[in-house]
Amino acid sequence: EKGEIEVELFTIHSEMRANNRTPYTPAESKNIQDINRAWAELEKAEHQREMALREEAIRQEKLEQLASRFDRKVIMRENWLEENQRLVVQQNFGNDLPAVEAAMKKHEAIVTDIYSYEERITTIVHLTDHLESENYYDIDRIKLRRDNVLDLWTRLLEMVKTRKHRLVLSQKLQTVFQEEVYLLDWMDEI
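Read on for a plain summary of the structure.

## Details of the overall build of the protein chain
Right, so step 1: The helix and strand tally for the protein chain stands at 5 helices and 0 strands.
Right, so step 2: Helices and strands in the protein chain line up, N terminus first, as α-α-α-α-α.
Right, so step 3: For a compact globule of 190 residues, the expected C-alpha radius of gyration is about 16 Å, and the protein chain comes in at 39 Å, more than 25% above that figure.
Right, so step 4: Each of the 190 residues in the protein chain was classed as buried or not, and the buried ones make up 24%.
Right, so step 5: Taking as baseline every contact in the protein chain between residues at least 6 positions apart, the subset at least 24 positions apart corresponds to 82%.
Right, so step 6: Carbon and sulfur atoms make up 54% of the accessible area of the protein chain, which totals about 13900 Å².

This is the structure in structure tokens:
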């Protein structure tokens, strides 16, 4: 475009000379050096804008990758939480004291596994916070998924407490039954 303008200016000057007219002299701040300087500023601004757009596109791509990673993690966490909820809800403690004590040990192993998973749940929260701080466009969906995971986590922890309470009650009951059996055996011996 700059070259075309220079050609047009040269053509106008040539025609004016050919017609014996005085050549056009631009007003101050409108001469060729000023136009060249303005053109250089325009090119610089265009380059800066292009760089800013490129950086933003890269940032958005990274956010998309982070959101995709978030989605994969959420799916895994939701599946794990639901599976463990099904496991914890089982009430098969056994019919005698040794079976209940074995169920207690199994419960403690489950609880240890569950609490070791807490860091993974926290990772979901941190990813959500990061996406929100970066103004990710689909943050509402991300927050809903995070809230669902946190609800499942809270429900699982409540179920663990309830199961522990029932196990303790079952253990006490089986202990009483065991003592009754010993008393009945003792009375039969007398």
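## Side note on the nonpolar core
Right, so step 1: By size, the foremost hydrophobic cluster in this structure holds 25 residues, and its most contacted members are Leu81, Ile114, Leu131 and Trp153.
Right, so step 2: Where this core is concerned, the elements lending two or more residues are helix 2 (32-89), helix 3 (97-116), helix 4 (118-133) and helix 5 (139-189).
Right, so step 3: Among the nonpolar cores identified, the runner-up in size contains 5 residues, and Phe93, Val100, Ala103 and Leu167 belong to it.

## Topic: the pattern of salt bridges
Right, so step 1: Tallying each qualifying case throughout the model produces 11 salt bridges.
Right, so step 2: Between Glu56 and Arg59 there is a salt bridge, with the nearest N and O atoms lying 3.0 Å from each other. Of the two residues, Glu56 and Arg59 are both situated in helix 2; the distance of 3 residues between them amounts to about one turn of the helix.
Right, so step 3: By relative accessible area, Arg59 is classed as partly exposed at 26%.
Right, so step 4: The residue Lys164 makes a salt bridge to Glu108 at a minimum N-O spacing of 2.8 Å. With Lys164 in helix 5 and Glu108 in helix 3, this pair connects stretches of sequence that are 56 residues apart.
Right, so step 5: Here Glu108 falls in the partly exposed class, since its relative accessible area comes to 34%.
Right, so step 6: Connected through shared salt-bridge partners, Asp71, Glu78, Asp138, Arg141 and Arg145 make up one network.

## Comments concerning helix 1 (residues 2-18)
Right, so step 1: With 17 residues, helix 1 ought to run about 24 Å at 1.5 Å a step, and its terminal C-alpha atoms sit 24 Å apart, in line with that.
Right, so step 2: Following helix 1 by one or two positions, Asn20 adopts a phi angle in the positive range, close to 55°.

## Re a negative patch on the surface
Right, so step 1: A grouping of Glu1, Glu4, Glu8 and Glu15 is seen on the molecular surface, where their side chains present a negatively charged patch.
Right, so step 2: Looking at the element boundaries, Glu15 is found in helix 1.

## Considerations on the packing of aromatic side chains
Right, so step 1: Applying the stated criterion to the full structure yields 2 aromatic pairs.
Right, so step 2: Between Trp80 and Tyr117, the ring centres sit 3.6 Å apart and the planes meet at 10°, which makes this aromatic pair stacked. Placement of the pair is Trp80 in helix 2 and Tyr117 in the loop between helix 3 and helix 4, with a sequence separation of 37 residues.
Right, so step 3: You can call Tyr117 buried: its relative accessible area is 6%.
Right, so step 4: Their ring planes at 50° and their centres at 4.8 Å tell us that Tyr136 and Tyr137 sit as a pair that is tilted.
Right, so step 5: By relative accessible area, Tyr136 is classed as buried at 4%.

Conventions used here
- Residues numbered from 1 in each chain as written.
- Predicted model: local features only at pLDDT ≥ 70, side-chain atom pairs only at ≥ 80, totals over all residues.
- Heavy atoms only, no water.
- Helix = DSSP H or I, 4+ residues; strand = E, 2+ residues; numbered from the N terminus.
- Rg over C-alpha atoms; globule rule 2.2 N^0.38 Å.
- Buried < 20%, exposed > 50% of the residue type's maximum accessible area, 1.4 Å probe, protein only.
- Contact = heavy atoms within 4.5 Å.
- Areas by Shrake-Rupley, 256 points an atom, 1.4 Å probe, with all protein chains shown as cover.
- Core = buried A, V, L, I, M, F, W, Y, C linked by side-chain atoms within 4.5 Å.
- Salt bridge = Lys/Arg side-chain N within 4 Å of Asp/Glu carboxyl O.
- Expected span 1.5 Å × (residues − 1).
- Patch = residues over 30% accessible without salt bridge, like charges linked within 9 Å, V, L, I, M, F, W, Y side chains within 5 Å.
- Lys, Arg positive; Asp, Glu negative; His and termini not counted.
- Charge placed at Lys NZ, Arg CZ, Asp CG, Glu CD.
- Phe/Tyr/Trp six-rings, centres within 6.5 Å; stacked < 30°, edge-to-face > 60°.

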